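Chain and residue survey
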Amino acid sequence: AQSVSQHNHHVILSEAASLELGCNYSYGGTVNLFWYVQYPGQHLQLLLKYFSGDPLVKGIKGFEAEFIKSKFSFNLRKPSVQWSDTAEYFCAVNLMSGGSNYKLTFGKGTLLTVNP
Amino acid sequence: SQTIHQWPATLVQPVGSPLSLECTVEGTSNPNLYWYRQAAGRGLQLLFYSVGIGQISSEVPQNLSASRPQDRQFILSSKKLLLSDSGFYLCAWLFGTGVHGYTFGSGTRLTVV
């Protein structure tokens, strides 16, 4: 079964620092990749997604992620974080297995704390 | 526009009591529907998914069950709650193929006491 690994459980940064959150998945077939964000007390929101084409994907709020197929990775980056980026970030993988039985598998999440 | 409704927002139930959480989707038809449980430090665990009325797939054996009595309604149930059922339950829907991601409801915080 596929799995998703997020290497950092809790990341603490100061404002303006650069961010990179790691995500690796275990499935060797065709996948769609996602990053979701959950701000304190809010819904899960889609940050960005990759399904084909340019492996460098840009999302909302200045976030981007790079799909490196050879490394089974989809790391999330932001050049300069803000206090408002404090949230929990989830990487997720959707197997392209055909039919309509798509299932999104999540990593365990990374809590990002940005200190002002 | 498509929206997803989930209720109640919070629920405190005694051990051994029944459970029914409801999720409904508006503005779409024939969605894939999902129940996830979110636990601190453990991410989101897929519990059940449904691709149509009466069609339920279970991902993990547990004390819970799911039903889909109508196209846009998905219900999570238990006959007798356990302490370990406490958690944050999220409903999600997917329309079409998987490339567009999933939309999540606001969740239900269940505390079993």
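Here is a short report on the structure shown in this document. Please read all numbers here as calculations on a predicted model, not as lab measurements.

Residue and element names in this part refer to chain A. By the secondary structure assignment, tyrosine 89 is in strand S10 (residues 87–95). Overall, the relative accessible area of 0% leaves tyrosine 89 in the buried class. Distance in space between the C-alpha atoms of tyrosine 89 and leucine 47 is 9.0 Å, their sequence separation being 42 residues. Not counting residues up to four positions away in its chain, the partners in contact with tyrosine 89 are Gln6, Leu21, Trp35, Tyr36, Val37, Leu47, Phe63, Leu76, Gly109, Thr110 and Leu112.

Here we take up the pairing of strand S6 (residues 55–58) of chain B. Residues and elements named next belong to chain B. Both strand S5 (residues 43–52) and S6 contribute to a ladder of three bridges, which runs antiparallel. Bridge pairing links phenylalanine 48 to serine 58 in S6. Connecting S5 to the next strand, S6, in antiparallel fashion are two residues, including glycine 54 with a positive phi near 75°.

Turning our attention to the nonpolar core. Residues and elements named next belong to chain A. If you look at the biggest cluster of nonpolar residues, it comprises 29 residues, and the most contacted ones within it are Trp35, Leu48, Leu76 and Tyr89. Secondary-structure elements contributing two or more residues to this core are strand S2 (10–14), strand S3 (19–21), strand S5 (31–38), strand S6 (44–50), strand S8 (64–68), strand S9 (73–78), S10 and strand S12 (110–115). A total of five residues in this core trace back to one element, the largest contributor, which is S10. Setting aside chain neighbours within four positions, we find leucine 76 in contact with Leu19, Glu20, Leu21, Trp35, Leu47, Leu48, Phe63, Glu64, Ala65 and Tyr89.

Glancing now at the sheet that holds strand S8 (residues 73–78) of chain B. Residue and element names in this part refer to chain B. If you trace the four strands from one edge of the open sheet to the other, you get S1-S3-S8-S7, paired in antiparallel fashion. Unpaired on one side and paired on the other, strand S1 (3–7) and strand S7 (65–70) mark the two borders of the sheet. Across this sheet, the average inter-strand angle for adjacent strands is 20°, counted without regard to direction. Pairing between S1 and strand S3 (residues 19–26): five bridges, direction antiparallel. Each residue of the ladder has a partner; that of threonine 3, found in S3, is glutamate 26.

Conventions adopted
- Residues numbered from 1 in each chain as written.
- Chains lettered and ligands numbered in written order.
- Predicted model: local features only at pLDDT ≥ 70, side-chain atom pairs only at ≥ 80, totals over all residues.
- Heavy atoms only, no water.
- Helix = DSSP H or I, 4+ residues; strand = E, 2+ residues; numbered from the N terminus.
- Buried < 20%, exposed > 50% of the residue type's maximum accessible area, 1.4 Å probe, protein only.
- Contact = heavy atoms within 4.5 Å.
- Pairing = 2+ DSSP bridges.
- Core = buried A, V, L, I, M, F, W, Y, C linked by side-chain atoms within 4.5 Å.
- Axes fitted to C-alpha atoms, helices over the stretch in contact; angles between N-to-C directions.

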